[in-house]
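Understanding the architecture of this molecule
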Amino acid sequence: MTNYPRIDHADWWRSSVVYQLYVKSFADSDGDGVGDLDGVVEHLDHIAALGVDAVWLNPCYPSPNRDGGYDVADYLTVDERFGGLPAFERLRDACHRRGLRLMMDLVPNHCSDQHAWFQAALAAGPGSPERARFHFAEGRGPDGAEPPNNWRSTFGGPAWTRVPDGQWYLHAFDATQPDFNWEHPAVAEMFDDVLRTWFDRGVDGFRIDVAYAMVKAHGLPDLADPEGENPYLWNQPGVHDIFPRWRKIADSYDPPRNLLGEVWLPPAQIADYLRPGELNQAFYFDLMQQPFEAGAFRASVSATFAALDGAEGVPTWTLNSHDVHRAVSRYGLVEPEPVRSADPNAIRTRARGRVDVALGTCRATAALLFVLALPGSVFLYQGEELGLPEVQDLPDEARQDPIWARSHHTEHGRDGCRVPLPWSSGAPAYGFTTGSAWLPQPDWFAPFAADTQQADPASVWHFYRRAVAAHAELDPGVGLQWLDAGRDDVLAFRRGSVTCVVVFDGEDFVAPEEWGDPLVATRDVAGRSCPAASAAWFRR
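The sections below set out a description of the structure shown in this document. (Residues numbered from 1 in each chain as written. Predicted model: local features only at pLDDT ≥ 70, side-chain atom pairs only at ≥ 80, totals over all residues. Heavy atoms only, no water.)

1. Digging into the sheet that holds strand β3 (residues 101-106)
Threshold: A pair of strands is labelled paired if DSSP reports no fewer than 2 bridges between them. Helix and strand definitions here come from DSSP, where helices need a minimum of 4 consecutive H or I residues and strands a minimum of 2 consecutive E residues; each element is numbered from the N-terminal end. By definition, residues are in contact when any of their heavy atoms lie within 4.5 Å. To obtain each axis, a line is fitted to C-alpha atoms, and for helices this fit is confined to the stretch in contact; angles are then taken between N-to-C directions over 0 to 180 degrees.
The strand order across the open sheet built from eight strands is β9-β8-β7-β3-β2-β1-β13-β10, with neighbouring strands paired in parallel fashion. The sheet terminates laterally at β9 (281-282) and β10 (316-318), the two strands that pair on one side only. Where strand β2 (residues 54-57) and β3 come together, three bridges link them in parallel fashion. Residue W56 lies in a different strand from β3, and its bridge partner there is M103. The strands that helix α3 (residues 84-97) touches are β2 and β3; relative to β3, the one it contacts most, it runs at about 140 degrees.

Here it is, written out as structure tokens:
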């Protein structure tokens, strides 16, 4: 059993529960059909009532919005569609009054093709200092008509786009998202300024988009298999030269600001990002990618803690996000369809097909209680507290994720987890907006609306409140100790006086009396009997 340092004010993130806000889909205050920051303020008590410690905003910078705001045109302000800087200040103050910390999203791998730097690079021409801040190169073949190498975009199609003067530029994602060249000192200097600007404005930390992707392999070599995974785009040693610089900036504030990396790597490699002086946290997505099976869950968690043995940081767990299908649908998928994707993570997290929503809800809430019992922090994604399944039945013409277009309509993308939230079961657009929602909401949303959920004491919403409150009572300095439940389909572990048990399958499991009395459970545990697809905590 590994123990951890006690939590102080500066280390709030070590045992926090954070609510992820996909701003344009949370709540719309002005009727234009797109969520905004004042809409968040109006519904902030919904978040605070869950008992979470912080909120994280997905990008709300000025953007052409070709990739949900991850194509940033200006890193130093807030898009007027979301209310501009005045709305940001209102939200910041409203969060801090409620004791909620505020995190923002940093997108350092790439920018929008409308960013001033990229527009200057296009105007300046080949060989210019402006182009050196990106990855421009001559093409191959007759007249340079072929891309400089055979890399593929994560979103499908080639990773290169040609400009009118004949050169090509690199983009790991959409063609409207040119990658920065992090070997150019001006890039690092710009992002130093971005961090300081937002920290000075009161932001408590950053979640760093694809934090393992900024540095590319020297020479940009060809792949032996262009359709396979591309190790040259990710996890290059040079990326670890960036984080100490950022950590020094973050630690210069009182209290220190938090840095959390999005790192889609196996646990042993993620631990490298938590070296002393680098990131405070990194997401452990491995558990999110596992099937609802006892052996898979235990192996993933054990590998994570083995990788972190002696490390500075603690794990950051999540079961949902704006990039994957909602857990209710992933765990309730009973008739999956084949997945075609250039992204290996998508194959594991965005399968489509027939979903048993009742089964998926039982499994998703059990998995949530499992991760809340683990040492570390937990991130929730908006709408999961309402029990929302994935919206698979969006009309094709409504889809906006660039993955849909770049895959030639063979991969549906991530729009289904980004559909605007339902607030009121009987209102137009379910109370999200007085206009037309930017993505259509399905007819079956009413039972998942916040007012319906909050009126039902047995709802997913009320379970989340009980579960987060129980999490707050755990001793953050105590590690976990696996227990022998006597069955392969049951996991149990102890943290201090609390024992967590998850029954994945099979017959009911009767918890031993020495585990104590029931504290919180996903389903009725009368008589200490826990049914399949359930989880419970017992306290001595």
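There is more to say after this.
2. Brief notes about the nonpolar core
Definition in use: By convention a nonpolar core is built from buried Ala, Val, Leu, Ile, Met, Phe, Trp, Tyr and Cys residues, the set being connected through side-chain atoms within 4.5 Å. Note on exposure labels: buried denotes an accessible area under 20% of the residue type's maximum, exposed denotes more than 50%, and partly exposed covers the range between, all computed with a 1.4 Å probe on protein chains only.
Residues F180, W182, F191, W246, F370 and W537 are the most contacted members of the largest nonpolar core, which totals 162 residues. Setting aside residues no more than four positions away along its own chain, F191 makes contact with Y75, L106, V107, P108, F180, W182 and W246. Counting residues in hydrophobic clusters, the runner-up holds 14 residues, among them A485, F509, W515 and V525.

3. Re the environment of E138
Let me state the cut-off plainly: Whenever a nitrogen or oxygen atom comes within 3.5 Å of another N or O atom, the pair is scored as a polar contact, on the condition that within protein one atom can donate a hydrogen and the other can accept it, and that pairs from neighbouring residues in sequence are kept only if both atoms are in side chains.
With respect to the element layout, E138 can be found in the loop between β4 (136-137) and β5 (160-162). For the pair formed by E138 and L274, sequence separation is 136 residues and the distance between their alpha carbons is 37 Å. In contact with E138, not counting residues within four places along its chain, are P148, Q167 and W168. Polar side-chain contacts of E138 include one of 3.0 Å to the side chain of Q167.

4. Things to note about the packing of helix α5 (residues 185-200) against helix α6 (residues 243-251)
Two measures define how a pair of helices packs: the angle their axes make with one another and the distance between the axes. Quick note on the threshold: Roughly parallel refers to an angle under 35 degrees, roughly antiparallel to one over 145, roughly perpendicular to one between 65 and 115, and oblique to any angle outside these ranges. Left-handed describes a crossing in which the near helix is turned anticlockwise from the far one by less than a right angle; the clockwise case is right-handed. Note that Gly is not counted as nonpolar here; it falls among the polar residues with everything else outside the nonpolar set of Ala, Val, Leu, Ile, Met, Phe, Trp, Tyr, Cys and Pro and the charged set of Asp, Glu, Lys and Arg.
Between α5 and α6, the shortest axis-to-axis distance is 10 Å and the interhelical angle comes to 25 degrees. Taken together, α5 and α6 sit at an angle that is classed as roughly parallel. The chirality of how α5 crosses α6 is right-handed. Touching A188, E189, F191, D192, L195, R196 and F199 of α5 are R245, W246, I249 and A250, all from α6. Partitioned by chemical class, the residues of the contact of α5 with α6 number seven nonpolar, no polar and four charged.

5. With respect to the side chain of R207
If you trace the backbone, R207 turns up in strand β7 (residues 205-208). A distance of 3.1 Å separates polar atoms of two side chains, one belonging to R207 and the other to E262. In this structure, R207 is in contact with W56, Y70, M103, M104, D105, L106, L260, E262, F283 and H322, ignoring residues within four places of it in sequence.

6. Things to note about the packing of helix α11 (residues 357-373) against helix α14 (residues 460-472)
For the pair α11 and α14, the least separation of the axes is 10 Å and the interaxial angle reads 15 degrees. Taken together, the axis directions place α11 and α14 in an arrangement best described as roughly parallel. In the crossing of α11 with α14, the sense of the turn from one axis to the other is right-handed. The segment α11 lies against α14, with T361, T365, L368, L369 and L372 engaging V460, F463, Y464, A467, V468 and H471. Residues belonging to the contact of α11 with α14 are distributed by class as follows: eight nonpolar, three polar and no charged.

7. Focus on α11
Note the cut-off: Expected span of a helix, by definition, is 1.5 Å for each gap between consecutive residues, and there is one gap fewer than residues.
With 17 residues, α11 should cover 24 Å at 1.5 Å per step; its first-to-last C-alpha distance of 24 Å lies within 8% of that length. Counted residue by residue, α11 has twelve buried out of 17 residues, so it is predominantly covered. All buried positions along α11 are accounted for by G360, T361, A364, T365, A366, A367, L368, L369, F370, V371, L372 and A373. Measuring from the side-chain oxygen of the N-cap residue of α11 to the backbone nitrogen of A358 gives 3.3 Å; that N-cap residue is D356.

8. Digging into the sheet that holds strand β15 (residues 490-495)
Spatial ordering of the open sheet is given by β14-β15-β16-β20-β18, a layout of five strands whose pairing is antiparallel. Edge strands, defined here as strands with exactly one partner in the open sheet, are β14 (481-483) and β18 (517-521). Taking each pair of neighbouring strands and ignoring which way they run, the sheet shows an average axis angle of 25 degrees. Seen against the sheet, α11 touches β14, β15, β16 (498-503), β18 and β20 (534-539) and runs at an angle of roughly 35 degrees to β20. Packed onto the sheet, α14 meets β18 and β20 and runs at close to 125 degrees relative to β18.

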